[in-house]
Amino acid sequence: MSKVSVAVLGATGPIGQRFVQMLEGHPYFEVEGLYASERSEGKKFGDVIKIRDHEFSEDTVGMKIRAMDLDHISKNARIAFSGIPSDLAGPTESELAKNGVAVFTNAGSHRMDEHVPILIPEINPDHARSVERQDTYGNGGFIVTNANCSSTGISMPLFALDGKFGLKEAFVSTYQALSGAGYPGVPSLDAVGNVVPFIDKEEEKMEIELAKILGGYSENGFKPAGFKVMANCARVPVIDGHLESLTLKLDSSPSLKEVAAALSGFRGEPQALKLPSAPESPIIVRTEKDRPQPVYDALAGSPERARGMASTVGRIREGNGYYKMFVLSHNTLRGGAGGSILNAELFKAKGLL
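Residues numbered from 1 in each chain as written. Predicted model: local features only at pLDDT ≥ 70, side-chain atom pairs only at ≥ 80, totals over all residues. Heavy atoms only, no water.

**Q** Any chance you could explain the layout of surface pockets here in plain terms?
**A** To find leftover empty space, one rolls a probe the size of a water molecule over the atoms. By volume, the largest pocket is sized at about 1300 Å³. The set of elements that each furnish at least two residues to the lining of the largest pocket consists of helix H1 (14–23), helix H4 (86–98), helix H7 (202–213) and helix H11 (333–349). At four residues, H7 tops the list of elements feeding residues into the lining of the largest pocket. Looking at the lining of the largest pocket, its residues break down into 18 nonpolar, 19 polar and 11 charged. By volume, the second largest pocket amounts to about 530 Å³. Lining of the second largest pocket is provided by 19 residues; of these, Lys50, Arg52, Ser179, Ile239 and Asp240 occupy positions nearest its centre. (1 Å grid on protein atoms, 1.4 Å probe; cavity = no way out; pocket = protein on both sides within 12 Å on 5 of 7 lines; lining within 4 Å. Points joined across faces, edges and corners; volume = space filled by probe spheres on them. Helix = DSSP H or I, 4+ residues; strand = E, 2+ residues; numbered from the N terminus. Nonpolar A, V, L, I, M, F, W, Y, C, P; charged D, E, K, R; others polar.)

**Q** How should empty space enclosed by the protein be read in this particular structure?
**A** All told, the structure shown has one cavity of 30 Å³ or more when counted by the stated rule. Empty space within the largest cavity amounts to approximately 40 Å³. Contributing to the lining of the largest cavity are Leu119, Ile120, Pro121, Asn146, Ala147, Thr152, Arg334, Gly339 and Asn343. Counting residues per element, the lining of the largest cavity draws most heavily on H11, which supplies three residues. Here the residues of the lining of the largest cavity are counted per class, giving four nonpolar, four polar and one charged.

**Q** I'm lost on the pairing of strand S5 (residues 102–105) in this one. Help?
**A** Regular strands place their side chains on alternate faces of the sheet. Alternating positions in S5 separate into two faces, Ala102 and Phe104 on one and Val103 and Thr105 on the other, with burial throughout. This β-α-β element, strand S4 (residues 79–82) to H4 to S5, shows right-handed connectivity. By the bridge criterion, four bridges tie S5 to strand S6 (residues 142–145) in an arrangement that is parallel. Looking at S6, one finds that valine 103 is bridged to isoleucine 143. (Buried < 20%, exposed > 50% of the residue type's maximum accessible area, 1.4 Å probe, protein only. Right-handed = clockwise from strand over helix to strand, strands pointing away. Pairing = 2+ DSSP bridges.)

**Q** I would appreciate a short explanation of the packing of aromatic side chains in the present structure.
**A** Remark: the centre distance and the inter-plane angle together describe each pair of aromatic rings, the angle taken between the planes. Counted by the stated rule, this structure contains 12 aromatic pairs. Consider the rings of tyrosine 28 and phenylalanine 29, whose centres lie 5.9 Å apart with planes at 90°: the pair is edge-to-face. An identical accessibility class is assigned to tyrosine 28 and phenylalanine 29; each is buried. Look at phenylalanine 104 and phenylalanine 347: their rings are 5.3 Å apart centre to centre, the planes differ by 80°, and that puts the pair in the edge-to-face class. Remark: phenylalanine 347 occurs in helix H11 and phenylalanine 104 occurs in strand S5; sequence separation between them is 243 residues. Of the two residues examined, phenylalanine 104 and phenylalanine 347, each falls in the buried class. By the ring-pair criterion, three or more aromatic residues cluster together here, those being Phe19, Tyr28, Phe29, Phe81, Phe104, Tyr137, Phe142 and Phe347. Between the NZ or CZ atom of lysine 50 and the centre of the ring of tyrosine 183, over which it lies, the distance is 5.1 Å. (Phe/Tyr/Trp six-rings, centres within 6.5 Å; stacked < 30°, edge-to-face > 60°. Lys NZ or Arg CZ within 6 Å of the ring centre and 35° of its normal.)

**Q** Could you clarify how one ought to interpret H1 in this entry?
**A** The buried fraction of H1 amounts to nine of the 10 residues, a majority that puts the element mostly inside the structure. Every buried residue of H1 is accounted for by Ile15, Gly16, Gln17, Arg18, Phe19, Val20, Gln21, Met22 and Leu23. Check the buried side of H1 and you find it contacts strand S1 (4–9), strand S2 (29–36), helix H2 (58–61), S4, S5 and H11. (Contact = heavy atoms within 4.5 Å.)

**Q** Please explain the pairing of strand S14 (residues 322–329) as it appears in this structure.
**A** Burial analysis of S14 places six of its eight residues in the buried class, which makes it a mostly covered element. Relative to S14, strand S11 (residues 242–250) runs antiparallel, the two being bridged by seven bridges. The residue of S14 that forms the bridge with leucine 246 is methionine 325. In terms of strand pairing, strand S13 (residues 311–319) meets S14 through six bridges, oriented antiparallel. Bridge pairing in S14 links valine 313 to valine 327. Joining the antiparallel neighbours S13 and S14 is a turn of two residues, in which asparagine 320 adopts a positive phi near 55°.

**Q** What's the story with the nonpolar core in this structure? I'm lost.
**A** Looking at soluble globular proteins, one finds that nonpolar side chains tend to be buried together. One finds Phe29, Ile79, Phe81, Phe104 and Phe347 to be the most contacted residues of the largest nonpolar core, which totals 38 residues. With residues up to four places along the chain from it excluded, the contact list for phenylalanine 29 reads Lys3, Val4, Val6, Leu23, Ile79, Phe81, Ile341, Ala344 and Glu345. Of all hydrophobic cores here, the second largest spans 36 residues; its members include Ile213, Cys233, Leu263 and Tyr323. (Core = buried A, V, L, I, M, F, W, Y, C linked by side-chain atoms within 4.5 Å.)

**Q** Whenever I open this one, the sheet that holds S13 confuses me. Can you help?
**A** To summarise the sheet geometry, strands pair through backbone hydrogen bonds and adopt either a parallel or an antiparallel arrangement. The strand order S10-S7-S11-S14-S13-S12 describes an open sheet built from six strands, whose pairing is mixed. At either end of the open sheet lies a strand with only one pairing partner, and these are strand S10 (228–235) and strand S12 (283–285). Neighbour to neighbour, the strand axes of the sheet diverge by 25° on average, direction disregarded. Strands strand S7 (167–176), S11, S12, S13 and S14 of the sheet are contacted by helix H5 (residues 149–165), whose axis makes an angle of about 25° with S11. (Axes fitted to C-alpha atoms, helices over the stretch in contact; angles between N-to-C directions.)

This is the structure:
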């Protein structure tokens, strides 16, 4: 099977480098080029590596960074994986889609556009067909976004429980890792030994994006989910892994055993299709009294290519008519580059490229 040619945009940033990591030896995709700003042009990828928990191959380390020439990318890549900042991503991604490129992006610029899906394949694979109504689709170009990193981690537990028991309300408090702020991210004097109880526009994004992700799609467009989400967000001194506290009001009154079974037994289309980056168990339930924790659970997921692609749930409790739990996910893998790669794998497997 011939591989699909792909470009990585923002290859010097942490999300761009996670794209490169997950594309090494990928069975579907082959990297055509690594792209960043002009100031990085000509540098070797090995000179700009920021990721500490992965050893890149010699071939990858030796690749040279190119300036973002959109005409060149459009002629040489079928897919662009975008890890560039939102202010630049908006016009850049629109131009690439206009030129016939399939854009799978981590940026938030187009998430709330009318016919652009916020895709999480275990939850809303049917939303993929919304790209057919994008103006650029006739030329082969379209835009698919992944979710905000804090929305991604809790979306699968919310979806699994809503499907089994009905969901009325969801209250979430996040403890978000420093890498979610990009590189160099939060100044050390603000982060070390501290918690910052504000992340600009994060709470608003969670509340509106989850409604779109967990809602429906028809020829009339996206219909938001019928339950409320209320969020409080904080930045904590952790490198990778967003921990989130969930308090839920359900339509029915399942036992804690039933709740745990609904979570651990959840599977979606990526598991049925055996997509390369899909975790065998997208939700992992821990029974220890002090899990999940970023240091132990951020890289949860198997097989090897799916490390960091599972959500881990623990401390499932019930009281006063509400259910409580903690959820952990890797913000730059499942909540970043890995989410977009899984989206592209879905499109490839379903013949949508």
